[in-house]
Amino acid sequence: MPHIRIALSQFRPNKGEYAENVARIGAVIAQAAQLDPRPALVIFPETATSGYFVEGGVKELAVTAGTLARDLAAAYEGPAIDVVVGFYERFQNHIHNSALYVTLSKQKPEVRHVHRKVFLPTYGVFDEERFVDRGQEGVRSFETGWGGKAAILICEDAWHSLAATVAALEGAQLVIVPSASPARGLGEPEDEDCEGETLPASVVRWERIVRGIAEEHGVFVALANLVGFEGGKGFPGASAVIDPTGRVIARGPLFDEALLTADIDLDSLTTARSDSPLLADLQSALPVLTKSLSGAKQDQKVRFDPAANGSPAHGAQRTAHVGVFAKRTQENDPLAIDPELTRKWLVSFLKDEVVRRRGFKKGLVGLSGGVDSALTAFLAAEALGRENIIGVRMPYRTSSPESLAHAQLVIDKLGIPSVTVDISDAVDGYLKQVGDVDPHRLGNVMARDRMIVLFDLSAKHKALPLGTSNKSERLLGYFTWHGDDAPPVNPLGDLFKTQVWTLARHVGVPEEIVAKPATADLIKGQTDEGDLGVSYLHADRILYHLIRGEEPVGFPKEELEIVRKRLDSTHWKRRLPTVAVVSQTAIGEFYLRPVDY
């Protein structure tokens, strides 16, 4: 039994499609079973049968463990193999986020274990405890089909050190961690095991967690991550197998489906536990460590013997002066990004959201001549193919000739199809009827008329309009509500303007577009920074701290107040319309279904 081959499937489920996903899981198992040597175990991520962010949809997508075992057996015909699959489970009139461990063979499938997630994250992007119940059986190890003992920790379970400790004390040799944790953080300083690849910050943190589990307890760890995007939140893949010394022995690719294989040598557990007997030490010391948990001696003071030996030090000479060191580590720019990782991330996002989730083959980008729309076009051309991106120029009679020329420069450089629609007659015809025109209203009408053009061309060309607003504009409210914020998919909406400049240069947007002053070009001579009264270089860093609940330091008071006031006063522009809640099925309050499901 010493050498076991395992396989981890970085799986991209079709959200909400249980039957389709189970059929695809069966196909992946069959593919794994044809490998030479054949894996003894295939591991799928958390919620592989449905997708993770299904919110109120869990009630219709949850199945019993017996149902899933039956359906997997029907989807797979091949030699005996162990399989782990994450799913939403119905169990004794409760719904859980669970993982099934089953041996599939030509006989009836043998359910060996079901782990029900204990720690349900309800913070940040997570709201699990609203939709599923906490597992009540804790963490257990169990016998596998390949002869060893395993335990399962689902995602957040692994972040709590006690859960892994229980698994190891129960005798687990392999800790299986199915996960559906969205990537966050545009690049982390390379970890020693990252092999020169910059990973999302959350992935690096994940690897530190599972490597710590492996090294502290002398176990193998298999981390199987979901891939794909759900509502803009991207599951990164980068699944990993960790040996009992804490070393990454295999890692999957970022953002792509893959079947990752690794051989684990169970005999190496003996060597690892002998060289670092932390688990044996824990087993011996556990009764001492847990003595105070009973509460019986909570108020008892510590016992110690009084002074009775040694020599008094009253007369000892006070000599050496000790140097004081307070070396500070150099602070990194909080807005620094790894541009290649960011490019890969956003291209994967567009592929998933436009083609896979929404079923469009083509995209539309309104090209203003500015860096945001140019960058969106560059990313979209890579994601969907140049022939599938339509660049749309929508000049008004007062638009800068430079804006038109720079938009054409993007069209020519990418070699994409283009359309030019002059909006002057439409805008002037409307404003002539209502009268009393001022520059602010003129700009709003122009922005909204451009959205009419994009959505009409969307219907004509069966192409999805792509958003171009960046995070700085969104936080400052520097956009037209239901105007330039209207496209349903936006790759740049979580990038500050200064980050957009970095990424634009990386992907090859012409320097004359990147370097020129940012402008909405709605009024002659207008610039963003002139309107805002603060540079993007300062505004971005002030915003970074404010939205994290921190007080920015080192900025002029006037600039701080400008940014703070705009952030606080424009929150309504970042929300859907406020609706009076009068029923028990109010959309977005009680009826909770993600936009992409």
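Residues numbered from 1 in each chain as written. Predicted model: local features only at pLDDT ≥ 70, side-chain atom pairs only at ≥ 80, totals over all residues. Heavy atoms only, no water.

Visitor: In this structure, what is going on with the pattern of salt bridges? I would like to understand it.
Guide: Two side chains with opposite charge may pair up if their charged atoms get near one another. Within this structure, the stated rule accounts for 27 salt bridges. Of the charged contacts in the structure, one is a salt bridge between glutamate 46 and lysine 117, with a shortest N-O distance of 2.9 Å. Of this pair, glutamate 46 sits in the loop between strand 2 (41-43) and helix 2 (58-61) while lysine 117 sits in the loop between strand 5 (110-116) and strand 6 (141-143), placing them 71 residues apart in sequence. A relative accessible area of 1% means that glutamate 46 is categorised as buried. Given the relative accessible area of 1%, lysine 117 is considered buried. One salt-bridge network, held together by shared partners, links Arg12, Arg24, Glu257, Asp352 and Arg356. (Salt bridge = Lys/Arg side-chain N within 4 Å of Asp/Glu carboxyl O. Helix = DSSP H or I, 4+ residues; strand = E, 2+ residues; numbered from the N terminus. Buried < 20%, exposed > 50% of the residue type's maximum accessible area, 1.4 Å probe, protein only.)

Visitor: Any chance you could explain helix 5 (residues 201-217) here in plain terms?
Guide: A turn of α-helix holds 3.6 residues, and therefore any two residues three or four places apart point the same way. Between its terminal C-alpha atoms helix 5 stretches 25 Å, which fits the 24 Å expected from 17 residues at 1.5 Å a residue. Every buried residue of helix 5 is accounted for by Ala201, Ser202, Val203, Val204, Trp206, Glu207, Val210, Arg211, Ile213, Ala214 and His217. Glycine 218 lies just past helix 5 and shows a positive phi near 65°. (Expected span 1.5 Å × (residues − 1).)

Visitor: Got a minute to help me understand the packing of aromatic side chains in this structure?
Guide: Ring pairs (aromatic) are described by centroid distance and by the angle formed between their planes. Following the criterion strictly, the structure yields 13 aromatic pairs and no others. With a centroid separation of 5.5 Å and 70° between ring planes, the pair formed by phenylalanine 229 and phenylalanine 349 is classed as edge-to-face. Of this pair, phenylalanine 229 sits in strand 10 (residues 227-230) while phenylalanine 349 sits in helix 8 (residues 339-357), and the two are 120 residues apart along the sequence. For phenylalanine 229, a relative accessible area of 2% gives the class buried. (Phe/Tyr/Trp six-rings, centres within 6.5 Å; stacked < 30°, edge-to-face > 60°.)

Visitor: Looking at this structure, I do not really get the nonpolar core. What am I missing?
Guide: A general trend in soluble globular proteins is that nonpolar side chains are found buried together. In terms of nonpolar packing, the biggest core is built from 48 residues, with Leu41, Ile176 and Val221 touching the most fellow members. The element best represented in this core is strand 9 (residues 220-225), accounting for five residues. Residues contacting isoleucine 176, with those up to four places away along its chain left out, are Leu41, Ile43, Val84, Tyr101, Ala150, Ala151, Ile152, Leu153 and Ala222. The next biggest cluster of nonpolar side chains, apart from the first, holds 45 residues, and it includes Trp345, Leu346, Leu384 and Leu464. (Core = buried A, V, L, I, M, F, W, Y, C linked by side-chain atoms within 4.5 Å. Contact = heavy atoms within 4.5 Å.)

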